[in-house]
Amino acid sequence: MRAQFLPFCRPSISEEDISAVADVLRSGWITTGSKNTEFEEKFCDYLGCAGAVAVSSATGGMHLALQALSVGPGDEVITPAMTWVSTVNLITLAGARPVFADIDRDTLMVSCDAIRSKITERTRLIIPVHFAGASADMAPIRQLSRETGIPLIEDAAHALGTGYMGEKIGRSGTAVFSFHPIKNITTGEGGMVCSDDPEFLERIRRLRFHGLGADAYDRETQSRAPQAQVLEPGFKYNMTDISAVLGLRQLARIEAFNRKRAELAARYREKLEGVEEILPLADPPCDMTHAWHLFVIRLDTDRCGMSREAFTEGLKQRNIGTGIHFLAVHLQKYYRESMGMRPGMLPNTEWNSDRICSLPLFPDMRQEDADDVVTAIREVLTHG
Ligand SMILES: *Cc1c(COP(=O)(O)O)cnc(C)c1O
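Residues numbered from 1 in each chain as written. Predicted model: local features only at pLDDT ≥ 70, side-chain atom pairs only at ≥ 80, totals over all residues. Heavy atoms only, no water.

1. Observations regarding the pairing of strand E13 (residues 356-359)
- Across the two faces of E13 the burial is the same, with Ile356 and Ser358 and Cys357 and Leu359 all buried.
- Bridge count between strand E12 (residues 295-299) and E13: 4 bridges; the pairing is antiparallel. Each residue of the ladder has a partner; that of Val296, found in E13, is Ser358. (Buried < 20%, exposed > 50% of the residue type's maximum accessible area, 1.4 Å probe, protein only. Helix = DSSP H or I, 4+ residues; strand = E, 2+ residues; numbered from the N terminus. Pairing = 2+ DSSP bridges.)

Next up, the structure:
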């Protein structure tokens, strides 16, 4: 057994990252400023997108997007229930109704057909999720959006560096990224809203800082523009320069990070091939490249006669951490009770919700660590 606990995730923070953060702390300007602007510009360069606005989290960014689109009472928003709870909470808090599309059983992605079947005259927005670092098949979903005039916001929290049909996710349309510590790069907490719609992005920029007409930071005076007026009531979701400088440093290593993730995922796939009780996710059958945010497996609970909880507990006792991404949102207490959601409504989502488990995957892990995970999995399946 491993002597040291292997966490499910650990951010890669170098001494140079720490120095860069310390330099900002010493500089006299620590909130939204020049590092923010530089991070937004470099992010656009990396994705090839028209514009990007840094925010304090992906949740904050999604909140701003819902506000910019005036999603509110009487509206329906289609999204999967296999997602992080933030999206569904925000839809609900806006007074709108989340409408859940079921996912593909083996890729955990929503399909265009699943979305189409949920459209009504009240549908105001579609939020597909790029799951685990792979890409949803966006071409038919974008076509559906054009046909119906219903806007799309892509949840790209898992998809920094993901490719789709020759371009990066975030280059076309509108996408929201997360820099939470478990994501492919981190800023402590943070997020980015990218869009090819300049007017939409201007609204996001304004709404992220109190709805003021001028941005928080005036490059000329190196301080807040004092004459700025409220153009519409806004929020306080700007990113600090302490975070932005970390983001800049991390972004410079994203390709190397994702390469390491891909190598580890390949190792898992190879080593798990003969383990019949373990069902890794399938790659979506579209033209895409994987950012390997997560390595998700499903435990074949019928075959092994063990619950997912007993399985992850067995791994923990062998010093292996795991995660669950995600428990189906529609069956969580509030949504069951307030929306009358019941088991059986989203069969593929629920099947996965009971069986999924994310294995350790982060750039500073070694191949031998992945081998330890597989050894522990085999032991747990044999001995419990
Ligand atoms: C992490 C995550 C979010 C939220 O990101 P934050 O930056 O923590 O707000 C949203 N959606 C998905 C699918 C996520 O994994």
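2. Some points on the site of the ligand
- Within the structure, the ligand sits among 13 residues, and Thr59, Asp155, His158, Ser178 and Lys183 are positioned closest to it.
- Between the ligand and the protein, one listed contact pairs an oxygen atom with a backbone N or O atom of Ala58 at 2.9 Å.
- At 2.7 Å, a side-chain N or O of Ser178 approaches an oxygen atom of the ligand.
- If the ligand stood free it would expose 380 Å²; the protein chains cover 91% of that surface.
- Applying the majority rule of atoms within 2 Å of the grid points places the ligand in the largest pocket.
- Across the shell around the ligand, the residue classes tally to 4 nonpolar, 7 polar and 2 charged. (Near = heavy atom within 4 Å. Polar contact = N/O pair within 3.5 Å; in protein donor to acceptor, adjacent residues only side chain to side chain. Areas by Shrake-Rupley, 256 points an atom, 1.4 Å probe, with all protein chains shown as cover. 1 Å grid on protein atoms, 1.4 Å probe; cavity = no way out; pocket = protein on both sides within 12 Å on 5 of 7 lines; lining within 4 Å. Sits in = over half its atoms within 2 Å of the grid points. Nonpolar A, V, L, I, M, F, W, Y, C, P; charged D, E, K, R; others polar.)

3. A closer look at the layout of surface pockets
- Computed from the structure, the largest pocket encloses a volume of approximately 410 Å³.
- Around the largest pocket sit 25 residues that line it, and Thr59, Trp84, Ser86, Ser178 and Lys183 are the ones nearest its centre.
- Of all the elements in the fold, those that place two or more residues in the lining of the largest pocket are helix H3 (58-68), helix H4 (85-93) and strand E8 (174-178).
- If you tally residues by element for the lining of the largest pocket, the top one is H3, at 3 residues. (Points joined across faces, edges and corners; volume = space filled by probe spheres on them.)

4. Regarding the domain arrangement of the chain
- As assigned here, the chain comprises domain 1 (15-254) and domain 2 (255-383).
- Using C-alpha coordinates to define each centre, domain 1 is positioned 26 Å away from domain 2.
- Taken together, the contact pairs 44 residues of domain 1 with 39 residues of domain 2.
- Linking Asp106 and Arg298 is a salt bridge whose minimum nitrogen-to-oxygen distance equals 2.8 Å.
- In this structure, the connection of domain 1 to domain 2 is made through 28 residue pairs in polar contact (both at pLDDT 80 or more).
- Those elements that place two or more of their residues in the side of domain 1 that touches domain 2 are H4, strand E3 (97-101) and strand E6 (163-164).
- Grouping the constituent residues of the side of domain 1 that touches domain 2 by class yields 22 nonpolar, 13 polar and 9 charged. (Domains from an automatic or database assignment. Contact = heavy atoms within 4.5 Å. Salt bridge = Lys/Arg side-chain N within 4 Å of Asp/Glu carboxyl O.)

5. Description of empty space enclosed by the protein
- One pass over the structure, following the stated rule, counts 2 cavities of 30 Å³ or more.
- Taken as a whole, the largest cavity spans an internal volume of roughly 100 Å³.
- Among the residues forming the lining of the largest cavity, the class breakdown is 12 nonpolar, 2 polar and 2 charged.
- Shared between two domains, the lining of the largest cavity holds at least three residues of each, these being domain 1 (15-254) and domain 2 (255-383).

6. Notes on the environment of Gly321
- Of note, Gly321 is situated in the loop between helix H11 (308-317) and helix H12 (333-339).
- Its relative accessible area of 5% is what places Gly321 among the buried residues.
- When the C-alpha positions of Gly321 and Leu125 are compared, they lie 36 Å apart, and in sequence the two are 196 residues distant.
- Apart from the residues lying within four places of it in its own chain, the contact partners of Gly321 are Phe5, Leu6, Pro7, Phe8 and Pro360.

7. What to know about helix H6 (residues 138-148)
- Listed in full, the buried residues belonging to H6 are Met138, Ile141, Arg142, Leu144 and Ser145. Here the buried residues of H6 occupy an arc of 155° about the axis, which is enough to place them on one side.
- Of the surrounding secondary structure, the elements contacted by the buried residues of H6 are helix H5 (112-116), strand E4 (123-126), strand E5 (154-155) and E6.
- The positive-phi residue at the C-terminal boundary of H6 is Gly149, with phi of around 75°. (Arc of directions from axis to C-beta.)

8. Structural notes on the pattern of salt bridges
- Scanning all chains against the criterion turns up 27 salt bridges.
- Close ionic contact of Glu40 with Arg205 constitutes a salt bridge, the shortest N to O distance being 3.2 Å. With a gap of 165 residues between them, Glu40 in helix H2 (residues 34-47) and Arg205 in helix H7 (residues 198-207) connect regions that are remote in the sequence.
- Since its relative accessible area comes to 7%, Glu40 is described here as buried.
- As a salt-bridge pair, Arg142 and Glu154 come within 3.0 Å of each other at their nearest N and O atoms. Highlighted residues: Arg142 in helix H6 and Glu154 in strand E5, separated in sequence by 12 residues. Each of the two residues, Arg142 as well as Glu154, counts as buried.
- A cluster of three or more residues bridged by salt bridges with shared partners is formed by Arg2, Arg366, Glu368, Asp369 and Asp372.

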